[in-house]
Amino acid sequence: MKRFLKGLAMVLGVLLLGSICYMWLLHRPLPQGKEGPAAEALAQKMLNALKYENYRHTRYLEWSYQGGRNHYKWDRALGLCTVKWKDYEVVLHLSHMAQSTVTQNGVALDSAKAQNAIQKALAYFNNDSFWLVAPYKVFDQGTTRSTVILKDGSTGLLVTYTTGGTTPGDSYLWMLDSNGFPKSYEMWVKIIPVGGLQASWDDWQTTESGAFLPKSHRLGPLTLGMGDVKGYR
């Protein structure tokens, strides 16, 4: 048994070392972008390509995340989002979080238990809604925009979120086609130790309101499904 455990420990150690080396090879430092009018114009070009006005006038968004693990219905006009997972249902009041409510198996929770669920629902919402509407958030308060020259000679749009969300300081480098439509981005985010991982933004659908929204993303060998995505007025 001792020999077996020793051998297992060696195998796990090799696998861990290999994983660290692989992650190190994938890691890229955050590029230095150039802020200014060109970056502002490129960000606006992306919004124009996405027909931003259709999104702006979309009141309701519905989607799920990762095989239906989390479900959302977001009323953007009222600033409310119903978040469902397992046996929880949280109605987030995004502008007045103290008014948020929680039920578990249909039973309202008291304030102490509710707070943990509300914070979890908010973290879920911040992450999962970003995978739905990130391109429309390039001019959010607390963002900076800069241009980066890519390896193929084209220009990418680097957006950094200095405030807001769950992990302020995250940066995303958008790759755009010639019309400014987003194809993918590379990420430098606190929850992922490897900088520069790329995620696709090319599985788009046009919703009832005319807004472009993604159905899924490819992140290496993983596919992040957005479920039955709906956008309507």
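Here is what the cut-offs are and how they apply
- Numbers given for residues are sequential positions, taken from 1 along each chain in its written order.
- Totals for whole chains, interfaces and linings use all residues, but because this is a predicted model, local features are given only for residues with pLDDT of at least 70 and pairs of side-chain atoms are given and counted only at 80 or more.
- In computing side-chain values, all of the structure's heavy atoms are included and hydrogens and water are not.
- For our purposes a nonpolar core is just a set of buried Ala, Val, Leu, Ile, Met, Phe, Trp, Tyr and Cys residues, chained together by side-chain atoms within 4.5 Å.
- Summary of the burial criterion: residues with accessible area below 20% of their type's maximum are buried, those above 50% are exposed, and those between are partly exposed, where the area comes from a 1.4 Å probe applied to protein chains only.
- Each helix is a run of H or I in the DSSP string that is no shorter than four residues. Each strand is a run of E no shorter than two, and both are numbered from the N terminus.
- Two residues qualify as a contact provided that any one of their heavy atoms is within 4.5 Å of a heavy atom in the partner residue.
- Strand pairing follows a simple DSSP-based rule, namely that at least 2 bridges must link the two strands.
- Axis definition: a line fitted to C-alpha atoms, limited for helices to the stretch in contact. Angles are taken between N-to-C directions and run from 0 to 180 degrees.
- Working definition: a ring pair exists when centres of Phe, Tyr or Trp rings (six-membered ring for Trp) sit within 6.5 Å. Plane angles under 30 degrees give stacked, over 60 give edge-to-face, the rest tilted.
- Two thresholds decide whether a charge sits over a ring: the Lys NZ or Arg CZ must be within 6 Å of the ring centre and within 35 degrees of the ring normal.

Draft legend 1. Seen up close, the nonpolar core. The biggest cluster of nonpolar side chains holds 50 residues, and the ones touching the most others in it are Trp63, Trp131, Trp174 and Tyr185. Per-element accounting of this core gives the leading share, nine residues, to helix α4 (residues 111–133). If we ignore the near neighbours within four places in the chain, the residues touching tryptophan 63 are Asn70, His71, Tyr72, Trp74, Phe125, Asp128, Ser129, Leu132, Met226, Asp228 and Val229. Grouped together as the second largest cluster of nonpolar side chains are six residues, Val148, Leu150, Leu158 and Trp188 included.

Draft legend 2. Focus on the environment of methionine 97. Position of methionine 97 relative to the elements: it lies in the loop between β4 (88–93) and β5 (101–104). Here the alpha-carbon distance between methionine 97 and glutamine 115, two residues 18 residues apart in the chain, equals 9.9 Å. Excluding residues within four positions of it along the chain, methionine 97 makes contact with Leu92, Ile118 and Leu122.

Draft legend 3. Seen up close, the pairing of strand β2 (residues 70–75). In this structure, strand β1 (residues 60–65) lies alongside β2, joined through six bridges in antiparallel fashion. Each bridged residue has a counterpart across the sheet, and for tryptophan 63 the counterpart in β2 is tyrosine 72. In this structure, the hairpin formed by β1 and β2 is closed by a connection of four residues, where glutamine 66 is found at a positive phi of approximately 55°. As paired elements, β2 and strand β3 (residues 80–85) share five bridges and run antiparallel to each other. Counterpart to histidine 71 in the pairing with β3 is lysine 84. Here β2 hands over to β3 after four residues, with glycine 79 in that stretch at a positive phi of 70°.

Draft legend 4. Structural view of the sheet that holds strand β7 (residues 143–149). The strand order β7-β8-β9-β10-β11 describes an open sheet built from five strands, whose pairing is antiparallel. Each of the sheet's edge strands pairs with one partner strand only, and the pair in question is β7 and β11 (197–200). Direction aside, the axes of adjacent strands within the sheet are offset by 25° on average. With six bridges connecting them, strand β9 (residues 171–176) and strand β10 (residues 182–188) associate as antiparallel partners. Its bridge partner lying in β10, leucine 176 is registered against proline 182. Docked against the sheet, helix α2 (residues 37–49) engages β7, β8 (155–161), β9 and β10, running at close to 95° with respect to β7. The strands that α4 touches are β8, β9, β10 and β11; relative to β10, the one it contacts most, it runs at about 145°.

Draft legend 5. Spatial organisation of the sheet that holds strand β14 (residues 222–225). On the basis of which strands lie adjacent, the open sheet formed by three strands has the order β12-β13-β14 and antiparallel pairing. Taken across any chain shown, the strands that pair with only one partner, and hence form the sheet edges, are β12 (203–206) and β14. Between one strand axis and the next, the sheet turns by 20° as a mean value, whatever way the strands run. Of the pairings in the sheet, the one linking β12 to strand β13 (residues 212–219) comprises four bridges and is antiparallel in character. Bridged to glutamine 205 within β13 is leucine 213. Set on the sheet, α4 makes contact with β13 and β14; between it and β13 the angle comes to about 110°.

Draft legend 6. Representation of the packing of aromatic side chains in the model. Overall, the coordinates contain 21 aromatic pairs when judged by the stated rule. Taking the centre distance of 6.0 Å and the plane angle of 80° together, the rings of tyrosine 161 and tyrosine 172 count as edge-to-face. Of the two residues, tyrosine 161 sits in strand β8 while tyrosine 172 sits in strand β9, which places them eleven residues apart along the sequence. Each member of the pair, tyrosine 161 as well as tyrosine 172, is classed as buried. Their ring planes at 90° and their centres at 5.3 Å tell us that phenylalanine 181 and phenylalanine 212 sit as a pair that is edge-to-face. Separated by 31 residues along the polypeptide, phenylalanine 181 in the loop between β9 and β10 and phenylalanine 212 in strand β13 bring together distant segments of the chain. There is no split in this pair, since phenylalanine 181 and phenylalanine 212 are both buried. The structure contains a cluster of three or more aromatic residues connected by ring pairs, namely Phe130, Trp131, Tyr161, Tyr172, Trp174, Phe181, Tyr185, Trp201, Trp204 and Phe212. Above the face of the tyrosine 60 ring, lysine 73 is positioned so that its terminal group lies 5.4 Å from the ring centre.

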